[in-house]
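What follows is the residue order along each chain.
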Amino acid sequence: MALNTKIDADHNAPPVTRTLAEFVVNHPSRGWSDEVDHEAHRTFMNWLGCAVGAAHHEAALAALHAVQVLKPSEQATILGRRERVDIASAALINGITSHTFDFDDTHLKTIIHPAGPVCSAVLALAELTGASGRQIIDAVVIGIDVACRIGNMVYPQHYDRGWHITGTTGGFGAAAACARLLGLSVDQTQMALGIAASQPVGLREQFGTMTKPFHPGGAARAGLMSALMAREGFTSSKRAIEAPRGFAQVASTKFDWNEITDELGKRFEISFNTYKPFACGIVIHPSIDACVQLRAQGVTPENLERIDLRVHSLVLELTGKKEPADGLQGKFSVYHGCAAGLIFGRASEDEYADDIVNRPDVVDVRRKVVATVDDTIDEASVDAVATLKDGRKVHIYVEHAIGSLQRPMSDADLEAKFSGMSDQVLGADQTRALMKACWDLGNAPDVRKVAELARAKA
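Since we're looking at a predicted model, the values are computed, not measured. The numbering scheme is per chain: residues are counted from 1 as the chain's sequence reads. Under the rules for a predicted model, residues below a pLDDT of 70 receive no local features and side-chain atom pairs below 80 are neither given nor counted, while totals for whole chains, interfaces and linings still include all residues. Side-chain figures throughout are based on the complete set of non-hydrogen atoms in the structure, without hydrogens or water.

**Student:** Please give an account of the sheet that holds strand E5 (residues 304-311) that cites residues and values.
**Tutor:** The criterion for strand pairing is that DSSP finds at least two bridges linking the strands in question. Labels follow the DSSP assignment, with helices taken as runs of H or I lasting at least four residues and strands as runs of E lasting at least two, numbered in each case from the N terminus. Strand order in the open sheet made by the four strands is E6-E5-E7-E8, with mixed pairing throughout. Looking at strand neighbours, the two that pair on one side only are strand E6 (369-373) and strand E8 (393-398), the edges of this open sheet. Strand-to-strand twist of the sheet, defined as the mean angle between neighbouring strand axes without regard to direction, takes the value 15°. Bridge count for strand E7 (residues 382-388) against E8 is six bridges, and the pairing is antiparallel. Axes, fitted as lines to C-alpha atoms, cover a helix only where it is in contact. Angles between the N-to-C directions of the axes lie from 0 to 180 degrees.

**Student:** An account of a nonpolar patch on the surface is requested, with residue identities and associated values reported.
**Tutor:** Residues Leu108, Phe272 and Leu405 make up a contiguous nonpolar surface patch of about 230 Å² in total accessible area. Relative to the elements of secondary structure, leucine 108 occurs in the loop between strand E3 (105-107) and helix H5 (115-129). A simple rule labels every residue: compare its accessible area, found with a 1.4 Å probe on the protein chains alone, to the largest value its type can have, and call it buried under 20%, exposed over 50%, or partly exposed in between. Leucine 108 sits in the partly exposed class, given a relative accessible area of 33%. The patches reported here contain residues having more than 30% relative accessible area and no salt bridge. Joining distances are 9 Å for like charges and 5 Å for nonpolar side chains (Val, Leu, Ile, Met, Phe, Trp, Tyr). All accessible areas in this document rest on Shrake-Rupley with a 1.4 Å probe, and a residue is counted as covered only by the protein chains that are shown. Note on definitions: salt bridges are taken to be side-chain nitrogens of Lys or Arg within 4 Å of carboxyl oxygens of Asp or Glu.

**Student:** Please set out the packing of aromatic side chains residue by residue, giving values where relevant.
**Tutor:** Only centres within 6.5 Å qualify two rings of Phe, Tyr or Trp (six-membered ring in Trp) as a pair; their planes then separate them into stacked at under 30 degrees, edge-to-face at over 60, and tilted for everything else. Summed over all chains, the structure comprises six aromatic pairs. Judged by centre distance (5.0 Å) and plane angle (70°), the ring pair of phenylalanine 172 and phenylalanine 247 falls under edge-to-face. Here phenylalanine 172 is found in helix H8 (residues 165-182), whereas its partner phenylalanine 247 is found in helix H11 (residues 247-251), with 75 residues between them in sequence. Its relative accessible area of 6% is what places phenylalanine 247 among the buried residues. Ring centres 5.4 Å apart and planes at 35° place the aromatic pair phenylalanine 255 and tryptophan 257 in the tilted group.

**Student:** Would you mind going over the pattern of salt bridges in detail, with residue names and values included?
**Tutor:** A side chain of one charge can pair with a side chain of the opposite charge if their charged atoms are brought near each other. Within the structure shown, the criterion is met by 35 salt bridges. Here aspartate 411 makes a salt bridge to arginine 42, at a shortest N to O gap of 2.7 Å. Residue aspartate 411 is found in helix H19 (residues 411-426), and its partner arginine 42 is found in helix H2 (residues 34-53); the two are separated by 369 residues along the sequence. According to the relative accessible area criterion, aspartate 411 is partly exposed, its value standing at 29%. With its nearest N and O atoms 2.9 Å apart, the salt bridge here joins arginine 81 to glutamate 83. Of the residues examined, arginine 81 reaches a relative accessible area of 9% and is grouped as buried.

This is the structure:
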């Protein structure tokens, strides 16, 4: 017999599902500053480079083989590969590859990686419809705003419960972006958001496995299908986000409705997007940054006795794997990240190869790293002290790591990162042409030319 449970709920929540639908449909094209528009181009390019770079990863191959069982029609590009698949499968796979390296964008307030779900869905749909680059940029700005505002509404309690917020809120962003691209009405967009509300994707238990990058891919596919179903008349609750048994109140104990409505259409969350210089979880970045600085001050594996880190508790909760067995697990090891920073002076995808993670000298250094929780240290900071074999100590305090809003990556930094991932997949000449196309996307008459540049030729 089912229990008639009594759970406190807000029965007077404002109609935020409708509010968001009206924003998605009615906000004018390029109704934001040049700075916001430029950030959208940076976000799209960073996402595209990450997806191309991981095109031949074993996770991408496994997902591709799985969707090919369904005999998909050739509607859209798999970035960095020759194969084409249906738009839902392209959204899925490109969402997976964009997050496989853990090198994608981050909305620091919520730790959402918004481009994976949103851009993966938008590009796949745009290839089918022949949308312009301006339509793509508009959809990306609006979709990311929806995803991150919903994230602001429920974070951190939603995340603390174990949900991977990129997957859960990313589906809303993808649905909103695709609704915008399809030109849906307010009523249809409200239905699309409602359909997406029943498809939250992602548990934090999956971190360190191929299923973590599945989350943005699954969200991209879910959001795309939500918009397509709404266009055809499929219905949902009109209050699927805010109702007592809707997404927010079921999936979180915090639901701050003002995060949806405050400055809607005036403040855009893409303005707070950041880009990773290191291919791992964002909470490790201050520690890697500190170890790169230690290296610059003469600390080496040969003269190192130990490194003591004082970090926020979230660092060890998310990235406390002391003995990672492979590259995927290494991305969730602050110990490996520190070893990479000290030995190589960087932590790109190359430093997360399985053989590097298990290399004896790397293992030796990571075992010299001791991390202690100190919640007086901010999540974005680290206090690091290297003790040398001769007894000397070298102290580094990182308040904000490179790649943060306070120390952002420049356009040139993003291009170097893009080339580092794409050159080996597409070749240097094609990579340069693709980067130029990304910077010029807002003026492109047809996004299919961009997609063609992102395809491998051989």
